[in-house]
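Spelled out, the chains give:
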Amino acid sequence: MFTGIIQKKGCVASVERAGGHGRLALSASPWDRPLTIGESIAVEGVCLTLTSHRHETLHFDVLNETFERTNLGHKRSGQHVNLERALRVGDELGGHFVTGHVDGVGTVRKITPVGRDWILEVACGPELMAQMVVKGSIAVAGVSLTLVDVKRDGFTVHLIPHTWAETSLSELRPGDLVNLETDMLGKYVQRIVSLRGGG
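The notes below deal with the structure included here. (Residues numbered from 1 in each chain as written. Predicted model: local features only at pLDDT ≥ 70, side-chain atom pairs only at ≥ 80, totals over all residues. Heavy atoms only, no water.)

Let's talk about the sheet that holds strand 9 (residues 137-140)
Consideration 1: Spatially, 7-8-11-10-9-12 is the arrangement adopted by the six strands of the closed barrel, whose pairing is antiparallel. Averaged over all adjacent pairs, the angle separating strand axes in this sheet is 45°, with direction ignored. (Pairing = 2+ DSSP bridges. Helix = DSSP H or I, 4+ residues; strand = E, 2+ residues; numbered from the N terminus. Axes fitted to C-alpha atoms, helices over the stretch in contact; angles between N-to-C directions.)

Overview of helix 4 (residues 184-195)
Consideration 1: For helix 4, with twelve residues, the first-to-last C-alpha span of 17 Å sits near the 16 Å given by 1.5 Å per residue.
Consideration 2: At the exit of helix 4 stands glycine 197, carrying a positive phi of roughly 80°. (Expected span 1.5 Å × (residues − 1).)

Considerations on the packing of aromatic side chains
Consideration 1: Under the criterion given, the structure shown has one aromatic pair.
Consideration 2: Residues tryptophan 118 and tryptophan 164 carry aromatic rings whose centres are separated by 4.2 Å and whose planes lie at 5° to one another, so their mutual orientation is stacked. With a gap of 46 residues between them, tryptophan 118 in strand 8 (residues 117-123) and tryptophan 164 in helix 3 (residues 161-166) connect regions that are remote in the sequence.
Consideration 3: The exposure class assigned to tryptophan 164 is buried, which follows from its relative accessible area of 17%.
Consideration 4: The ring of tryptophan 31 carries the charged tip of lysine 8 above its face, separated from the ring centre by 4.7 Å.
Consideration 5: A cation over a ring is seen here: arginine 85 above tryptophan 31, with NZ or CZ 5.3 Å from the ring centre. (Phe/Tyr/Trp six-rings, centres within 6.5 Å; stacked < 30°, edge-to-face > 60°. Buried < 20%, exposed > 50% of the residue type's maximum accessible area, 1.4 Å probe, protein only. Lys NZ or Arg CZ within 6 Å of the ring centre and 35° of its normal.)

Here's the deal with the nonpolar core
Consideration 1: By size, the foremost hydrophobic cluster in this structure holds 22 residues, and its most contacted members are Val140, Phe155 and Leu180.
Consideration 2: When residues of this core are traced back to their parent elements, those giving at least two are strand 8, helix 2 (126-129), strand 9, strand 10 (143-150), strand 11 (154-159) and strand 12 (177-182).
Consideration 3: Every residue in contact with phenylalanine 155, bar those within four places of it in the chain, is listed here: Leu120, Glu121, Val122, Cys124, Met129, Met132, Ile138, Val140, Leu147, Asp149, Val150 and Leu180.
Consideration 4: Of all hydrophobic cores here, the second largest spans 18 residues; its members include Leu24, Trp31, Ile41 and Leu50. (Core = buried A, V, L, I, M, F, W, Y, C linked by side-chain atoms within 4.5 Å. Contact = heavy atoms within 4.5 Å.)

Points about the environment of tryptophan 118
Consideration 1: Once the C-alpha coordinates of tryptophan 118 and serine 170 are considered, the two residues, 52 residues apart in sequence, prove to be 9.3 Å apart.
Consideration 2: Among residues more than four places away in sequence, those in contact with tryptophan 118 are Ile111, Thr112, Pro113, Val157, His158, Leu159, Pro161 and Trp164.

Considering the pairing of strand 4 (residues 46-54)
Consideration 1: As judged from the four bridges shared by strand 3 (residues 40-43) and strand 4, these two strands associate in the antiparallel manner. Residue pairing for strand 4: alanine 42 is matched across the bridge by cysteine 47.
Consideration 2: Connecting the antiparallel pair strand 3 and strand 4 is a turn made up of two residues, with glutamate 44 showing a positive phi of about 55°.
Consideration 3: With four bridges joining them, strand 4 and strand 5 (residues 57-63) adopt antiparallel strand pairing. Its bridge partner being in strand 5, histidine 53 is matched across the sheet by leucine 58.
Consideration 4: Between the antiparallel neighbours strand 4 and strand 5 lie two residues, among them histidine 55 with a positive phi of about 60°.

In structure tokens:
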């Protein structure tokens, strides 16, 4: 479980794909608390298991399904990615509950500077839009954000300067793919309503 509060940016060292699986290598500055092999780390919002690390390089085994359902297979060497270690009991919950199980991929439509902030507009399918509400929560590339405009085929979120500077969102361009995870509460509500016939 994660919160969507990004702890640091990593840099893609390599993405390898062969057969039904692959491997992702990232470089990142040292953490305050030592890393443990087997722990969960959210990479761009995708929960991955740390399989090895040497100095400042982290390695993750990645299933082909994960590459297909997220944007990790599109990442190139040198690009930055958002990193967050899993919650521990007693940790502060500053964002919202994020599972690290990406629901789908959206496409960046537009990024507009407004005063000191930025408005990020993302297009996505109706199956994801059905789980979003104005002022609800969404994880975009692993970042906990508040939905501002919820339309038929997309949504907008506002980014403050800190979020812009401290996450990979500042590197996005129109047409880029972003990992999306809708609020788990919305999924349960949708499921309950569907079981009751949508009434």
